[in-house]
Amino acid sequence: MAVEWVDRVGEQLETDRFGRALRGFEEVDSTNVQARAWAQDGAEEGSVVVADYQTHGRGRHGRVWTADRGQNLMLSTVLRPSLAPDALGLVTVAAGVAVAEAVDAFAGTHRADIKWPNDVLLEGRKTCGMLLEGSVTGGGSRATPPDFVILGIGLNVNQVHFPEALTETATSLRLVAGRSVPRVPLLAHLLRRLEHRYDQVQAGQDAEVRRRFTERMPRLGDDVILRATGSNQTVAGRVRGITSTGGLRLATPSGEQVVHAGEVTTARRSSR
Ligand code: BTN
């Protein structure tokens, strides 16, 4: 069933493409699943699926994403980047910066940080997670851009209670700002920032976007342990920043290593 508040987003949109085609649902399995089906049906770049509740919300590393009904933003955007697959990390970089900027605009005096690859944090706690899922046909060579990419964003907006396992690590805009945050202008603003930062990386202006990302990395210079996606292998090193394609640069005793997918599992402040 459609959801009324999403219909009001169009009045506040200041984008060229993002959100101009918008489908809002009271409940879906996962907005990423719905956006993928829409993309396969030919949805244009910037088409967005929003839901008030997900029965099978998906997180990174095969986890489940849960969020209370009617309190948060859960959306997926169809992207058709012209970037080669090994540069798709730049979409992640652009999305992290865009969400952090939108969060800043609604979080009072607080400033959002980005935990690589693209968790957005307020006061050290996660307020937003993102899941990028792609579809490549025709051989999927290193040089061939994907047919489409689905960027899923789960932003904790007005939720004040979290499941026990998350109470120490999750937060929301409302908890930090101390007041309820209206979702219609927040979504309109977020889509505007997203279109802008995405267009910059598509136009080769990624250096600027990467600089904005690095400025918000709280762990720059810290010693961390990183677990590579899909393996039990870990890399210990000091965070140096990100590469030109969005990989994490780690200084290790055996030289610099670059990690393209993984999770920072442990952090210890360096004595800088
Ligand atoms: C993470 O694990 O941090 C990523 C979470 C991504 C959640 C969002 S909510 C909207 C979209 N639909 C999904 O099923 N997942 C993403």
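Before reading on, note that the structure itself is shown above.
Residues numbered from 1 in each chain as written. Predicted model: local features only at pLDDT ≥ 70, side-chain atom pairs only at ≥ 80, totals over all residues. Heavy atoms only, no water.

Novice: Please clarify how the packing of aromatic side chains should be interpreted in this entry.
Specialist: To describe a pair of aromatic rings, one takes the distance between the centres and the angle between the planes. Scanning the model with the defined rule gives one aromatic pair in all. Aromatic side chains Phe-18 and Tyr-198 sit 5.7 Å apart centroid to centroid with 50° between the ring planes, which places their arrangement in the tilted category. On the criterion of sequence distance, the pair formed by Phe-18 in the loop between helix 2 (9-12) and strand 1 (22-25) and Tyr-198 in helix 6 (residues 183-202) is long-range, its members being 180 residues apart. Judged by its relative accessible area of 0%, Phe-18 falls in the buried class. (Phe/Tyr/Trp six-rings, centres within 6.5 Å; stacked < 30°, edge-to-face > 60°. Helix = DSSP H or I, 4+ residues; strand = E, 2+ residues; numbered from the N terminus. Buried < 20%, exposed > 50% of the residue type's maximum accessible area, 1.4 Å probe, protein only.)

Novice: Explain helix 3 (residues 31-40) to me, please; I cannot follow it from the model alone.
Specialist: Helical geometry note: an α-helix holds 3.6 residues per turn, so side chains three or four residues apart project in the same direction. By the burial criterion, the buried members of helix 3 are Thr-31, Asn-32, Ala-35, Trp-38 and Ala-39. The buried residues of helix 3 all sit within an arc of 125° when viewed along its axis, so they share a single face. Where helix 3 is buried, its residues contact strand 1, strand 2 (48-51), strand 3 (73-79), strand 6 (125-135) and strand 7 (148-155). The N-capping residue of helix 3, defined by a side-chain oxygen 3.1 Å from the backbone nitrogen of Asn-32, is Ser-30. (Arc of directions from axis to C-beta. Contact = heavy atoms within 4.5 Å. Polar contact = N/O pair within 3.5 Å; in protein donor to acceptor, adjacent residues only side chain to side chain.)

Novice: How should I be thinking about the nonpolar core in this particular structure?
Specialist: One broad rule of soluble globular proteins: the nonpolar side chains tend to lie buried together. Core analysis: the largest hydrophobic core is formed by 63 residues, its most contacted members being Trp-5, Leu-73, Val-103, Ile-153 and Leu-173. With 12 residues, helix 4 (residues 89-106) is the single largest residue contributor to this core. Split by domain, the residues of this core number at least three in each of domain 1 (4-215) and domain 2 (223-268). Once you skip the residues sitting within four places of it in the chain, Leu-73 turns out to touch Trp-5, Ile-153, Gly-154, Leu-155, Val-157, Arg-183, Leu-186, Leu-187 and Leu-190. (Core = buried A, V, L, I, M, F, W, Y, C linked by side-chain atoms within 4.5 Å. Domains from an automatic or database assignment.)

Novice: Got a minute to help me understand the site of the ligand in this structure?
Specialist: Of all residues adjacent to the ligand, which total 20 residues, the nearest are Ser-30, Gln-54, Arg-58, Arg-60 and Lys-126. Thr-31 places a side-chain nitrogen or oxygen 3.0 Å from a nitrogen atom of the ligand. One of the side-chain N or O atoms of Gln-54 is found 2.9 Å from a nitrogen atom in the ligand. Bound to the protein, the ligand loses 98% of the 410 Å² it would expose on its own. Mapped by element, the contributors of at least two residues to the shell around the ligand are helix 3, strand 3, strand 6 and strand 7. Ranked by the residues each element gives to the shell around the ligand, the list is headed by strand 6, at four residues. Per-class residue counts for the shell around the ligand are six nonpolar, 10 polar and four charged. (Near = heavy atom within 4 Å. Areas by Shrake-Rupley, 256 points an atom, 1.4 Å probe, with all protein chains shown as cover. Nonpolar A, V, L, I, M, F, W, Y, C, P; charged D, E, K, R; others polar.)

Novice: What's the story with unusual backbone geometry in this structure? I'm lost.
Specialist: Negative phi is the rule for most residues except glycine; trans is the rule for most peptide bonds. A cis amide bond links Trp-116 to the next residue, Pro-117, at an omega of 5°. By secondary structure assignment, the location of Pro-117 is in the loop between strand 4 (113-115) and strand 5 (119-122). One non-glycine residue, His-61, lies in positive phi territory at about 55°.

Novice: Would you take a moment to explain the pairing of strand 8 (residues 223-228) for this structure?
Specialist: In summary, the side chains of a regular strand alternate between the two faces of the sheet. Bridge count for strand 8 against strand 9 (residues 234-242) is five bridges, and the pairing is antiparallel. Along strand 9, the bridge assignment pairs Arg-227 with Thr-234. Hairpin remark: strand 8 followed by strand 9, antiparallel, with five residues in the connecting loop; positive phi at Gly-230, about 75°. (Pairing = 2+ DSSP bridges.)

Novice: Would you mind going over the packing of helix 6 against helix 7 (residues 206-215) with me for this structure?
Specialist: Packed helix pairs are specified by the crossing angle of their axes together with the interaxial distance, meaning the distance between the axes. Where helix 6 meets helix 7, the closest approach of the two axes is 7 Å, and the angle between their N-to-C directions is 130°. The angle between helix 6 and helix 7 falls in the class oblique. Along its contact with helix 6, which presents Arg-197, Gln-200 and Val-201, the element helix 7 presents Asp-206, Glu-208, Val-209 and Arg-212. Its residues assigned to classes, the contact of helix 6 with helix 7 shows two nonpolar, one polar and four charged. (Axes fitted to C-alpha atoms, helices over the stretch in contact; angles between N-to-C directions. Parallel < 35°, antiparallel > 145°, perpendicular 65-115°, else oblique.)

Novice: Explanation requested: the pairing of strand 7 in the structure shown.
Specialist: Of all eight residues in strand 7, eight are buried; the element is thus mostly enclosed. On strand 7, burial covers both faces: Phe-148, Ile-150, Gly-152 and Gly-154 on one face and Val-149, Leu-151, Ile-153 and Leu-155 on the other are all buried. Inspection of the sheet shows strand 3 paired to strand 7 by seven bridges, in the antiparallel sense. Counted as the bridge partner of Val-78 is Ile-150 from strand 7. Sheet topology note: the strand 6/strand 7 ladder contains eight bridges and is antiparallel. Each residue of the ladder has a partner; that of Leu-132, found in strand 7, is Leu-151.

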